[in-house]
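Structural characterization, general
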Amino acid sequence: KLSEKWVSRSGVVLRFTASQSWVQVFEFGMEYAAVIADPSLLYFLSFAGVCRLLTTCRALHRRSRQEKWKQICLARGQLTPQERRQYWIFASGANHLPAALGFASLSECFAVLSRRDLPEATLSIISRDVHRTFPVREEFKEGGLGQSSLHKVLVALAAAAPGVGYCQGMNYVVATALLHLDFELAAAFGVSLAILMCYDFGSLFAPAVPRLHIRVSQFVHLLQSVSPRLAAHVHVTADALAQQWILTLGVYAVEPDAVVNMWDLFFSTGWKTIFRGGVSLLQRLENVICSEDPDDVAILLHRNRRETFQRVAGSRQQFSKILVDSLSLKITNGSLDVLAARYERTRLLQFVDMLDGTSPPSTPALMAASLDGFLCQGDTLRVDRSRLVTVNRPKRLGGQRMPGFEDQGGFIEVPLADLVALKKRLALMESETSQGVREFEGQIHALEKNRLASRQAQQRLESLKSDAERKWGKKTECMEVLHRAVTQGNAANEDRSKLQSEVTSAEQDFFAAKARYQDFLSKYRCPLDRAAELNEAKTHKIRQLHALVSGLQQRKDALLDKVLQGCRVEMDG
């Protein structure tokens with residue numbers, strides 16, 4: 001009842017088989033609700049639990065693809081050892097190999113192929129490499145179970161893929177598969193054969209290694225794009241390091257116990273995982289490698305590689321962190337296809353450049369073509385068809401007949417005369433293109449000059465405009481000052497007129513008083529003392545009048561001086 005209520009409230013449709021009990025359904029519902037509440041809890045589930053959770057609804061499946069839930073879980077090592085055997089067999093396509101080879105099961109297929117007779121030279125090489133594989137590990141010591149199991153699986157592989165046979169490097173891949181599959185021979189054989197056939201790994205070991213150079217070129221280009229400084233420092237040893245990393249699927253540099261998470265991810269996503277792991281590992285060692293002398297880098301990365309790489313990937317947990325961080329690198333199957341096509345185009349153009357018009361071609365061109373996989377026979381160039389295609393994602397056989405390398409091969413025949421004509425057309429096209437580029441660069445230069453002149457004229461116009469605005473502002477300020485000066489001058493004139501009227505009134509009062517005094521003197525003759533008093537009064541009155549007149553005159557002069565001084569200051573400003 002609790003499960004039914006929870007399912008009805010969640011708004012999603014959950015799919016369960018009839019064999020599951022309601023207790024299992026309820027436990028699964030609790031996991032679903034916890035992950036919806038906090039997606040970080042997803043990383044505490046096993047990989048099988050995560051896959052089961054993602055099949056419940058489309059929203060979770062879509063979100064898992066966007067956030068790479070499955071890839072992160074595999075990189076973190078959430079695939080348990082009990083789940084790994086089944087996952088490797090089904091994810092690699094090894095379950096379809098028996099039907100493709102005409103057998104009923106992997107056990108029957110391995111039992112038959114391990115008893116096939118091989119050439120003595122191949123058996124001797126296998127025996128020699130078996131004793132060199134992980135000699136310090138207890139499982140692969142002399143006379144142990146590991147060496148005999150490894151020998152049987154390598155013999156079965158060489159018999160199952162006669163177009164490939166046995167090549168040095170396979171022993172590390174098969175030994176790693178044995179270690180993580182608990183030395184189950186049939187399962188290790190199936191997974192190893194699936195790696196060879198379904199992941200385009202066998203072409204790296206086929207005669208003339210038709211695709212190894214492509215993989216190395218892809219690795220070097222990716223390293224240059226991610227860390228140019230590191231790529232420039234290890235450019236001498238980058239090819240050899242990339243070859244060993246690719247041929248052993250990382251076991252050359254990292255311990256088999258630590259590399260297992262990368263293999264889990266490799267079976268799901270293909271070759272981009274191997275490139276991501278190798279580039280990220282070297283990126284972690286960038287400061288260590290770049291601090292060494294370029295002549296000592298080869299010793300650091302080859303002779304002392306175990307000590308060097310164990311600094312950052314000595315344990316499974318350390319390498320898991322590197323794998324999780326590597327998922328952010330923009331390495332896709334499409335980018336690998338582009339790099340492979342670029343490499344093939346470059347090599348073909350280099351071969352065309354070697355042609356000097358002679359038929360058959362000269363010895364240097366023939367030697368270069370033979371080393372690069374091109375075969376010159378008379379007047380014809382034969383290009384191996386298998387070189388033109390690289391498989392970056394796993395191929396699913398689905399019960400079909402397993403393709404051999406003779407089916408993937410074949411040759412494309414091109415007359416050398418056509419290649420010589422192509423070389424001439426390419427030279428003509430290059431000259432025309434160079435001329436067109438030069439003309440285009442001239443037009444761009446002229447446009448840049450016109451753009452520069454236009455920019456300078458625009459800057460000059462802006463400067464003139466700002467100068468005019470500044471002058472207009474200054475003129476406005478001067479007009480305001482002049483207006484204030486004129487206003488103050490008018491006020492000063494008004495004060496002067498008022499003062500003049502006051503002086504005139506005072507003079508009139510003085511003459512009136514003088515007239516009254518004369519009238520008084522003429523009408524009345526006072527005694528001498530009275531006359532003296534009047535004379536003193538007159539003198540006093542005259543002094544007061546003169547003082548008043550002089551004070552008024554000083555005030556008038558001071559006011560005029562102040563007005564004139566203010567006008568001069570305003571005009572000067």
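Worth saying up front: this structure is predicted, and the values here are computed from it rather than measured.

Of regular secondary structure, the protein possesses 26 helices and three strands. Within the protein, the proportion of its 573 residues that are buried is 39%. Long-range contacts, defined here as pairs at least 24 residues apart, represent 73% of the contacts in the protein between residues at least 6 apart. For the protein, the accessible area works out to roughly 32600 Å², and carbon and sulfur atoms hold 55% of it.

This brings us to the side chain of arginine 276. By the element assignment, arginine 276 lies in helix α17 (residues 271-284). Look past the residues within four positions of arginine 276 in its chain and what remains in contact with it is Lys68, Gln71, Ser326, Leu327, Leu329 and Ile331.

Residues Glu292, Asp293, Asp295 and Asp296 make up a contiguous surface patch of negative charge. Tracing the backbone shows aspartate 293 in the loop between α18 (286-290) and α19 (297-303).

So, on to the nonpolar core. In this structure, Phe189, Trp245, Trp263, Phe267, Trp271 and Phe319 are the most contacted members of the largest nonpolar core, which totals 105 residues. The element best represented in this core is helix α12 (residues 185-198), accounting for 11 residues. Discounting chain neighbours no more than four positions away, the residues touching tryptophan 245 are Phe219, Gly250, Tyr252, Ala253, Val254, Met262, Ile274, Gly277, Gly278, Leu281 and Phe319.

This next bit is on a nonpolar patch on the surface. A cluster of nonpolar side chains, Met479, Leu482, Val486 and Met571, forms an exposed patch at the surface whose accessible area comes to about 380 Å². Looking at the nonpolar patch element by element, the count peaks at three residues for helix α25 (residues 416-523). One can find valine 486 in helix α25. Valine 486 sits in the partly exposed class, given a relative accessible area of 45%.

It is worth spelling out the pattern of salt bridges at this point. Should the charged atoms of two oppositely charged side chains come close, the side chains can pair. Under the counting rule described, the total for this entry stands at 12 salt bridges. Residues arginine 137 and glutamate 139 are paired through a salt bridge, measuring 3.6 Å at the closest nitrogen-oxygen approach. Residue glutamate 139 is classed as partly exposed on the basis of its relative accessible area of 30%. Glutamate 286 serves as the salt-bridge partner of arginine 229, at 3.3 Å between the closest nitrogen and oxygen. Pair noted here: arginine 229 is in helix α14 (residues 228-233) and glutamate 286 is in helix α18, with a separation of 57 residues, a long-range link. Overall, arginine 229 belongs to the partly exposed group, its relative accessible area being 49%. Glutamate 286 gets classed as buried once you look at its relative accessible area, which sits at 17%. It is possible to trace a salt-bridge network through shared partners that takes in Arg128, Asp129 and Arg132.

To continue, consider helix α5 (residues 69-76). Across the eight residues that make up α5, a large majority, six, are buried. Those residues of α5 that sit buried are Trp69, Gln71, Ile72, Cys73, Leu74 and Ala75. Following α5 by one or two positions, glycine 77 has its phi on the positive side, about 85 degrees.

Right, let's talk about the packing of aromatic side chains for a bit. The way to describe two aromatic rings as a pair is by their centre distance and the angle between their planes. Inspection of the entire model under this criterion finds 14 aromatic pairs. With 5.7 Å between their ring centres and 50 degrees between their planes, phenylalanine 110 and phenylalanine 189 make a pair best called tilted. Here the residue phenylalanine 110 occupies a position in helix α8 (residues 106-113), and phenylalanine 189 occupies one in helix α12, the gap between them amounting to 79 residues. Of the two residues, phenylalanine 110 and phenylalanine 189, both sit in the buried class. Consider the rings of phenylalanine 140 and phenylalanine 183, whose centres lie 5.9 Å apart with planes at 45 degrees: the pair is tilted. Residue phenylalanine 140 is found in the loop between α9 (120-132) and α10 (145-160), and its partner phenylalanine 183 is found in the loop between α11 (170-180) and α12; the two are separated by 43 residues along the sequence. You can call phenylalanine 140 buried: its relative accessible area is 1%. According to the relative accessible area criterion, phenylalanine 183 is buried, its value standing at 19%. Counting every residue linked through ring pairs, the aromatic cluster contains Trp88, Tyr199, Phe201, Phe219, Trp263, Phe266, Phe267, Trp271 and Phe275. Above the face of the tryptophan 271 ring, arginine 215 is positioned so that its terminal group lies 4.7 Å from the ring centre.

Cut-offs applied
Residues numbered from 1 in each chain as written. Predicted model: local features only at pLDDT ≥ 70, side-chain atom pairs only at ≥ 80, totals over all residues. Heavy atoms only, no water. Helix = DSSP H or I, 4+ residues; strand = E, 2+ residues; numbered from the N terminus. Buried < 20%, exposed > 50% of the residue type's maximum accessible area, 1.4 Å probe, protein only. Contact = heavy atoms within 4.5 Å. Areas by Shrake-Rupley, 256 points an atom, 1.4 Å probe, with all protein chains shown as cover. Patch = residues over 30% accessible without salt bridge, like charges linked within 9 Å, V, L, I, M, F, W, Y side chains within 5 Å. Salt bridge = Lys/Arg side-chain N within 4 Å of Asp/Glu carboxyl O. Lys, Arg positive; Asp, Glu negative; His and termini not counted. Charge placed at Lys NZ, Arg CZ, Asp CG, Glu CD. Core = buried A, V, L, I, M, F, W, Y, C linked by side-chain atoms within 4.5 Å. Phe/Tyr/Trp six-rings, centres within 6.5 Å; stacked < 30°, edge-to-face > 60°. Lys NZ or Arg CZ within 6 Å of the ring centre and 35° of its normal.

Any functional reading would require information that these geometric values do not contain.
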